[in-house]
Amino acid sequence: MKTQEIRSFLADLADLDFRYLRIQISLANDARTLIKDFNLGREEFCILLDIHYHEYDIYLNGGFEYTIEHLARLNSAFCILSARKAEQELKGKFTDIIVEDHEKNK
């Protein structure tokens, strides 16, 4: 890792540039979290966010030119996948409750 060059780069940033960099890194981090939390593959991630396959690495490293649409797609993907995950967890719990209730009433 080029820590000295990175430190020098950061030290020379103006406030506005630093804010821009922070947003870029935040979006890249959110994308990595989405992949990790929902065990997404490259293809599924690219489809969800409507990006080209060759843009995947750039998107995850913060070098992508994010737009408000990309931000919206990222947030939407979190919501959709979280809802699906919650639905699956609830189905399992309700199934367990129904089976337990049925066995009690025998």
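Rules and cut-offs
Residues numbered from 1 in each chain as written. Predicted model: local features only at pLDDT ≥ 70, side-chain atom pairs only at ≥ 80, totals over all residues. Heavy atoms only, no water. Helix = DSSP H or I, 4+ residues; strand = E, 2+ residues; numbered from the N terminus. Contact = heavy atoms within 4.5 Å. Areas by Shrake-Rupley, 256 points an atom, 1.4 Å probe, with all protein chains shown as cover. Salt bridge = Lys/Arg side-chain N within 4 Å of Asp/Glu carboxyl O. Buried < 20%, exposed > 50% of the residue type's maximum accessible area, 1.4 Å probe, protein only.

> I tried to follow the overall build of the protein chain on my own but got confused; where do I start?
Of regular secondary structure, the protein chain possesses 5 helices and 0 strands. Pairs at least 24 apart in sequence give 53% of the contacts found in the protein chain among residues at least 6 apart. A total of about 8,300 Å² of accessible surface is found on the protein chain, and carbon and sulfur atoms cover 55% of it.

> Got a minute to help me understand the pattern of salt bridges in this structure?
Opposite charge on two side chains permits them to pair, given that their charged atoms come into close proximity. Applying the stated criterion to the full structure yields 4 salt bridges. We note a salt bridge from Arg42 to Asp57, for which the minimum N-O separation is 3.4 Å. With Arg42 in helix α3 (residues 42-49) and Asp57 in helix α4 (residues 56-61), this pair connects stretches of sequence that are 15 residues apart. Residue class for Arg42 comes out partly exposed when judged on its relative accessible area of 28%.

Honestly, that's just the spatial picture; any functional story needs more than this.
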